[in-house]
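Examination of the molecular architecture
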Amino acid sequence: MTYVTQARLVSNESLTDKLKHNLTSFAYSHGIELITTSEADFFGGSVDSGEHIVCILNVENVPKYLDFASLNQLSLGVVPSDAKSRLCDWLRLPVDVDEAIALAFTVDHQPIEILRCNDEIALGMVTLGSNPFVDGRSKVYKNRDHSLLERWLFKWAVAWSSILSLFKIHAFPVTLKVGDAAPISTAITGMVAIENDVRGPAARLLGASLSLENGFINALFIAPKSIMDYLSFLKDGVLYKNRPLSKLSGAVSFLRCREICVEHKESLDYFIDGKRRSSKTIRMIVMSDALLINSLPLNQDATDYKELVKTDKLPKGEEQLKLIASALPLFTHAAEGDFKDLFVQLREVARPHSTFVTLMVLSAIVASLGLFLSSPAVIIGAMVLAPLMSPIISLAMGFLRRDRNLLVQSLETIGLGVFLALLTAAMVTLIFPVDRITSEIAGRMQPNLLDLGVAIASGIAGAYAYVREDVAKSVSGVAIAVALVPPLCVSGIGLGWMDWQVISGAMLLFLTNLIGISLAAALTFLVLGYSPLVRARKGLMFSIGLMFIIAIPLTFALKDMSHQWQLEKSLSSLEIEINTRTVKLANVNVLMQNDNTTIQADVLAESELSSAELKQLKLLLEKEAGQSLRLYLTPRIVL
């Protein structure tokens, strides 16, 4: 390591007797001529251009020294007054005092850039507005990597403090100027301009996109368009790090440029390395190679970074005005272009065109035949053909937006589809004289709350598929999952048989699917920002009311099914002693219709049971079940 032959030591309040002794001893032992100058004389102009200055600095006084050294073309050797100071990160200085002293006297002066904010030097970062998890000065943040517990404590502390301020966040209007480009009128909730604080919590978002000494300002403009958008941003900041720019939250816009100016009509409070300032204009500019300083080598790839200005996520025009007018809404409003495209699509599928009629009749025929054949494969084919899902999604948007025309069109199309399915299934039933309730028919006669859960999940998926083009191909899968046409066809079969129990049970399943899909799709559109909550309240309340009404019989059905499963389990594990013989039941199937409970099972015994023994078995089973039973038993001899 090569050292300078002459240096000037500035004596200030940070220079303790011990540090002075260490510095003078090092200079003497290495043949360095060390001239001591008071701080007043140093800033009074008693130094010459090109001199090498050694000084003891802290976070408070370092900007003044860097500014003076830059203006007078001096090289600096800095020894931090505190080994835990952020200067070690900002200026790439050794934590060990002896190593820092040795580095301060070397001839390897590294040119560094300087970020000036309103003519003040910013070493770490400049912040404006509300910025969750960007303050790296807290003890919780500094200790976050000491253990897994402290890492999770940091995450919970950040999440809790951010959530506390959740409903207080308010966007404010600013005019953003980037270099010579035209100014942009927008609204933000916060800004972070990162200079040397690349290990801080804000810089964790950018990962490889952020670097030191790249000749640019690295700025994050935070503009969540809703509380949900803010929470997404918070999740990314707390849970993730080193994310590529393409995967940054929609609440964040990243700018890499040489000059940024933020203007506001009134004075704004902003912070330079944690120090409060106030101004109507915040002008930041990077000065490359502005200062020579003794620092450790830069540990990063020599990437040729280019200017990058991504402002497409910043709110503009009407969106900006809405954000400024009130607090952040709960859900993000969809972009105007997305909104128009989706509405055109939903209005189109809400109309009962000839293709809809054709597919509805064909799907009903296929479903009816599949139900008679008890063939799941044929029924699945009918589900794929069925076009009922589309008008139901349109109905959900009509309820949400209180759009009368869309509501009427959707209901007319759904009504037509229901009529065609019932009529077609009834005609198929009259043509084919099948009067047997197959397992596929029986499976759609007793809906319960589980079917409502399927409908809700399918409604979410269906609405999401219409909004996102990349998952639009999943609509057929949604149709299969919710199975709209088969229960309608079962009701139609019940009409052909004039069996009210078949008609009512299957129609209840269809209404469950219809209401569950509509409500879930409406909520999904609300979350995705296709309607304000105020406008959607009445439609949602009506849908929720219908869901609660239909949930009443479904709850009782689920309770009966649970009782049925428990009875099957109890009887299957039962061992009964009849005349010194052990009797067991296998393949137990419990059927409950009205007040009658029927048990179908195989009776396992070493020899065939007599009529008296079977009656005794019936009494014992009724005692176990706590109710009268009708038994259909098949004897099985166990040898």
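Details of the structure are given in the entry above.
Small disclaimer: the values here were computed from a predicted structure and weren't measured.

Observations regarding the overall build of the protein
- Each helix and strand in the protein was counted, giving 21 helices and 19 strands.
- Taken across its 639 residues, the protein has 49% of its residues classed as buried.
- Put simply, the protein shows about 31,200 Å² of open surface, and 57% of that area lies on carbon and sulfur atoms.

Observations concerning the packing of helix H1 (residues 17-29) against helix H5 (residues 97-104)
- Look at H1 against H5: their axes get within 10 Å of each other, and the N-to-C directions meet at 50 degrees. Considered as vectors, H1 and H5 are oriented oblique to each other. For the pair H1 and H5, the crossing hand works out as right-handed. When H1 is examined against H5, the residues Leu-19, Asn-22, Leu-23 and Phe-26 are found in contact with a partner set consisting of Val-97, Ile-101 and Ala-102.
- The class makeup of the residues in the contact of H1 with H5 is six nonpolar, one polar and no charged.

Digging into the environment of Tyr-270
- For Tyr-270, the position within the fold is in strand S13 (residues 259-272).
- For Tyr-270, a relative accessible area of 3% gives the class buried.
- Each C-alpha atom, one on Tyr-270 and one on Thr-127, is 5.7 Å from the other, the two residues being 143 residues apart in sequence.
- What Tyr-270 contacts, discounting residues up to four positions off in sequence, is Cys-117, Asn-118, Val-126, Thr-127, Leu-128, Lys-275, Arg-276, Arg-277, Ser-278, Ser-279 and Ile-282.
- Polar contacts involving the side chain of Tyr-270 include one to the side chain of Asn-118, which spans 2.9 Å.

Section: the nonpolar core
- Core analysis: the largest hydrophobic core is formed by 65 residues, its most contacted members being Leu-342, Leu-346, Ile-393, Met-397, Leu-400 and Phe-525.
- Tallying contributions element by element places helix H19 (residues 500-527) first for this core, with 11 residues.
- If sequence neighbours within four positions are ignored, Leu-342 has contacts with Met-397, Tyr-466, Val-467, Phe-525 and Tyr-530.
- Ranked by size, the runner-up nonpolar core spans 28 residues in total, among them Phe-172, Ile-184, Val-262 and Met-284.

A word on a nonpolar patch on the surface
- Together, Leu-362, Ile-365, Leu-369, Leu-373, Leu-385, Phe-419, Leu-423, Met-427, Ile-431 and Phe-432 line one region of the surface with nonpolar side chains, adding up to about 910 Å² of accessible area.
- Of all elements in the fold, only helix H11 (354-373) and helix H14 (404-431) reach the threshold of two or more residues within the nonpolar patch.
- Within the secondary structure layout, Leu-423 lies in helix H14.

Section: the packing of helix H18 (residues 485-497) against H19
- Closest axis-to-axis distance for the H18/H19 pair is 8 Å, and the angle between their directions is 160 degrees. Here H19 runs roughly antiparallel to H18, going by the angle between their axes. Crossing handedness for the pair H18 and H19: left-handed. Counted together, Pro-487, Leu-488, Val-490, Ser-491, Gly-494, Leu-495 and Trp-497 of H18 and Val-502, Ile-503, Ala-506, Met-507, Leu-509, Phe-510 and Asn-513 of H19 form the full contact between these two elements.
- Residue composition of the contact of H18 with H19, by class: 11 nonpolar, three polar and no charged.

A closer look at the sheet that holds strand S16 (residues 575-578)
- An order of S16-S17-S18-S19 is seen for the four strands of this open sheet, with the pairing classed as mixed. Single-partner strands in this sheet number two, and they are S16 and strand S19 (630-637). Strand-to-strand twist across the sheet, computed as the mean angle between neighbouring axes with direction ignored, equals 30 degrees.
- Of the pairings in the sheet, the one linking strand S18 (residues 596-605) to S19 comprises eight bridges and is parallel in character.

Quick word on the layout of surface pockets
- In this structure, the second largest pocket spans a volume of roughly 1,300 Å³.
- Together, 45 residues line the second largest pocket, and Ala-442, Met-445, Gln-446, Pro-447 and Met-592 are the ones closest to its centre.
- Every element with two or more residues in the lining of the second largest pocket is listed here: helix H15 (439-442), helix H16 (449-467), helix H17 (475-482), H19, helix H20 (533-572), strand S17 (581-593), S18 and S19.
- Top contributing element to the lining of the second largest pocket by residue count: H20, with eight residues.

Notes on the pattern of salt bridges
- The tally for this structure, following the rule as stated, stands at 13 salt bridges.
- With its nearest N and O atoms 2.5 Å apart, the salt bridge here joins Arg-116 to Asp-67. With a gap of 49 residues between them, Arg-116 in strand S5 (residues 110-117) and Asp-67 in helix H3 (residues 62-71) connect regions that are remote in the sequence.
- Take Arg-116: its relative accessible area is 11%, and that puts it in the buried class.
- Two residues, Arg-347 and Asp-403, come together in a salt bridge whose shortest N-O distance is 2.6 Å. Highlighted residues: Arg-347 in helix H10 (residues 336-349) and Asp-403 in the loop between helix H13 (389-401) and H14, separated in sequence by 56 residues.
- According to the relative accessible area criterion, Arg-347 is partly exposed, its value standing at 26%.

Things to note about the pairing of strand S1 (residues 6-11)
- Here S1 runs beside strand S2 (residues 33-38); their pairing, made up of six bridges, is parallel. Its bridge partner lying in S2, Val-10 is registered against Thr-37.
- As a crossover connection, the stretch from S1 through H1 into S2 is right-handed.
- With three bridges joining them, S1 and strand S3 (residues 52-57) adopt parallel strand pairing. Looking at S3, one finds that Arg-8 is bridged to Ile-53.

Re H16
- The end-to-end C-alpha separation of H16 is 28 Å, in line with the 27 Å expected for 19 residues at 1.5 Å each.
- Restricting attention to buried positions, one finds in H16 the residues Leu-452, Ala-455, Ser-458, Gly-459, Gly-462, Ala-463, Ala-465, Tyr-466 and Val-467.
- The distance from a side-chain oxygen at the start of H16 to the backbone nitrogen of Leu-450 is 2.8 Å, and the residue carrying that oxygen is Asn-448.

The rules behind these values
- Residues numbered from 1 in each chain as written.
- Predicted model: local features only at pLDDT ≥ 70, side-chain atom pairs only at ≥ 80, totals over all residues.
- Heavy atoms only, no water.
- Helix = DSSP H or I, 4+ residues; strand = E, 2+ residues; numbered from the N terminus.
- Buried < 20%, exposed > 50% of the residue type's maximum accessible area, 1.4 Å probe, protein only.
- Areas by Shrake-Rupley, 256 points an atom, 1.4 Å probe, with all protein chains shown as cover.
- Axes fitted to C-alpha atoms, helices over the stretch in contact; angles between N-to-C directions.
- Parallel < 35°, antiparallel > 145°, perpendicular 65-115°, else oblique.
- Left-handed = near helix turned anticlockwise from the far one by under 90°.
- Contact = heavy atoms within 4.5 Å.
- Nonpolar A, V, L, I, M, F, W, Y, C, P; charged D, E, K, R; others polar.
- Polar contact = N/O pair within 3.5 Å; in protein donor to acceptor, adjacent residues only side chain to side chain.
- Core = buried A, V, L, I, M, F, W, Y, C linked by side-chain atoms within 4.5 Å.
- Patch = residues over 30% accessible without salt bridge, like charges linked within 9 Å, V, L, I, M, F, W, Y side chains within 5 Å.
- Salt bridge = Lys/Arg side-chain N within 4 Å of Asp/Glu carboxyl O.
- Pairing = 2+ DSSP bridges.
- 1 Å grid on protein atoms, 1.4 Å probe; cavity = no way out; pocket = protein on both sides within 12 Å on 5 of 7 lines; lining within 4 Å.
- Points joined across faces, edges and corners; volume = space filled by probe spheres on them.
- Right-handed = clockwise from strand over helix to strand, strands pointing away.
- Expected span 1.5 Å × (residues − 1).

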